[in-house]
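Results of the structural survey
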Amino acid sequence: MSTIPSITLNNGLAMPQLGFGVWQVADDEAATAVRTAIESGYRSIDTAAVYENEVGTGRGIREAGVPREELFLTTKLWNSGTKDWSGTSGRDAVLREFDASLERLGTDYVDLYLIHWPRPMHGSYGNIWQAFEELAADGRAKAVGVSNFGPAELGHLLGAGSLVPAVNQVELHPYFPQQELRAFHAEHGVATEAWSPLGQGKELLGEPALAKVAAKHGRTPAQVVLRWHLQSGVIAIPKSVTPSRIRENFEVTGFELDAEDMAAVASVATGRRIGPDPTGFDWN
Ligand code: NAD
């Protein structure tokens, strides 16, 4: 079984560089998918309140029988819980939403709690981030971070004395490699986590450039893309509900892409997103 490397987050916590994502997995399928992933060797699971599968995810974790402390569990705060992002009610709403996630997951802590989406038109994150800092301080969230933030949004949190987010989880795959944002993260000690790391498995995995690298190593295009993430220092959380693919996506050690291979993967970049541009989105 693969030994997946870890990234050390800015608070010293080790996070596996490969995890299992469960977006668009129905709650009643999530337990089986998560259990299959853990049995295949994954130790990091990525869910969110808005995926409406925290109950199934928690059940899958328990059914797999691996001690909770050997797992790295991420969930995310959805925006609709915090109508007033800047007032004191924002802080209370975050803590309520967090408790509800723990309850659904059936655990008493998460390893990583993220603000799922920014709200660029609603100003600072004062009391929201204060609640995240409280959760980090009391250990109910071992690390806290954000998702879909750009440099301007991160700037709201990088003020004097505020806890620096441990992670920013963003759309990132060979079509959309986010080089500038990654450089910004590196400058500020924020780890980069890739969502849709396989580009949602559509055209990307059929790219001839990837097929060539895959054939050279006797691997699949998905394994090559995930290997590219690992060697780029990025955390990746591919999703599948197909057991053979869940296993395939975990077998990404035991081979190394050389500089030419890395360049071949990077050559497919188009600069186009699959998902929405977070800077123009108001989720309420
Ligand atoms: P992904 O890039 O992981 O692609 C998943 C799809 O690719 C699968 O549904 C399947 O169709 C295909 N696939 C998977 N393995 C394959 C293989 N080995 N060969 C061929 N096809 C394969 O896309 P995703 O699910 O969008 O992203 C992964 C995870 O990222 C999500 O489950 C979720 O946890 C997270 N995510 C977060 C956000 C956010 O806003 N923070 C947004 C989207 C996704």
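Coordinates for the structure precede this section.
Below or above, wherever it landed, is the structure these notes cover. (Residues numbered from 1 in each chain as written. Predicted model: local features only at pLDDT ≥ 70, side-chain atom pairs only at ≥ 80, totals over all residues. Heavy atoms only, no water.)

1. Some words on the overall build of the protein
- Counting its secondary structure elements, the protein contains ten helices and ten strands.
- Taking the principal axes of its C-alpha atoms as reference, the protein extends roughly 55 × 40 × 35 Å.
- Within the protein, buried positions represent 53% of all 284 residues.
- Within the protein, contacts between residues at least 6 apart in sequence are counted, and of these 75% link residues at least 24 apart.
- Positive and negative side-chain charges of the protein, numbering 24 and 35 respectively, have mean locations separated by a distance of 3 Å. (Helix = DSSP H or I, 4+ residues; strand = E, 2+ residues; numbered from the N terminus. Buried < 20%, exposed > 50% of the residue type's maximum accessible area, 1.4 Å probe, protein only. Contact = heavy atoms within 4.5 Å. Lys, Arg positive; Asp, Glu negative; His and termini not counted. Charge placed at Lys NZ, Arg CZ, Asp CG, Glu CD.)

2. Here's the deal with the pairing of strand S9 (residues 191-195)
- Buried residues dominate S9, accounting for five of its five residues.
- Along S9, one buried face is formed by Ala191, Glu193 and Trp195 and the opposite face, lined by Thr192 and Ala194, is buried too.
- The sheet contact formed by strand S8 (residues 167-171) and S9 spans five bridges and is parallel. Across the sheet, Glu171 pairs through a bridge with Trp195, a residue of S9.
- Where S9 and strand S10 (residues 235-236) come together, two bridges link them in parallel fashion. If you follow Glu193 over to S10, its bridge partner there is Ile235. (Pairing = 2+ DSSP bridges.)

3. Details of the site of the ligand
- Near the ligand there are 26 residues, and of these Asp46, Ser147, Gln169, Ser196 and Leu198 occur at the shortest range.
- Contact between the ligand and Trp23: an oxygen atom at 2.9 Å from a main-chain N or O atom of the residue.
- Protein contacts shield 89% of the accessible area of the ligand, which totals 840 Å² for the unbound molecule.
- Here the shell around the ligand is built from residues that sort into eleven nonpolar, ten polar and five charged. (Near = heavy atom within 4 Å. Polar contact = N/O pair within 3.5 Å; in protein donor to acceptor, adjacent residues only side chain to side chain. Areas by Shrake-Rupley, 256 points an atom, 1.4 Å probe, with all protein chains shown as cover. Nonpolar A, V, L, I, M, F, W, Y, C, P; charged D, E, K, R; others polar.)

4. Here we look at the sheet that holds S10
- Pairing within the open sheet is parallel, and its eight strands lie in the order S3-S4-S5-S6-S7-S8-S9-S10. Bordering the open sheet on either side are strand S3 (20-21) and S10, each of which pairs with just one other strand.

5. Structural notes on the pattern of salt bridges
- Under the defined criterion, the tally for this structure stands at 14 salt bridges.
- Between Arg59 and Glu63 there is a salt bridge, and its shortest N-O distance comes to 3.7 Å. Of this pair, Arg59 and Glu63 both sit in helix H2 (residues 54-64), four residues apart, which is roughly one turn of the helix.
- For Glu63, a relative accessible area of 40% gives the class partly exposed.
- Between Glu256 and Arg227 there is a salt bridge, with the nearest N and O atoms lying 3.4 Å from each other. Placement of the pair is Glu256 in the loop between helix H9 (243-248) and helix H10 (259-266) and Arg227 in helix H8 (residues 221-231), with a sequence separation of 29 residues. (Salt bridge = Lys/Arg side-chain N within 4 Å of Asp/Glu carboxyl O.)

6. Some points on the environment of Leu18
- Relative to the helices and strands, Leu18 resides in the loop between strand S2 (14-16) and S3.
- Residue classification places Leu18 among the buried residues on the basis of a relative accessible area of 1%.
- Counting along the chain gives 246 residues from Leu18 to Ala264, while the straight-line C-alpha distance between them is 22 Å.
- The residues touching Leu18, leaving out its near neighbours within four places in the chain, are Ile4, Tyr42, Ser44, Leu226, Leu230, Ala236, Pro238, Asn249, Phe250 and Val252.

So far we have only geometry, and geometry alone does not tell us how the molecule works.
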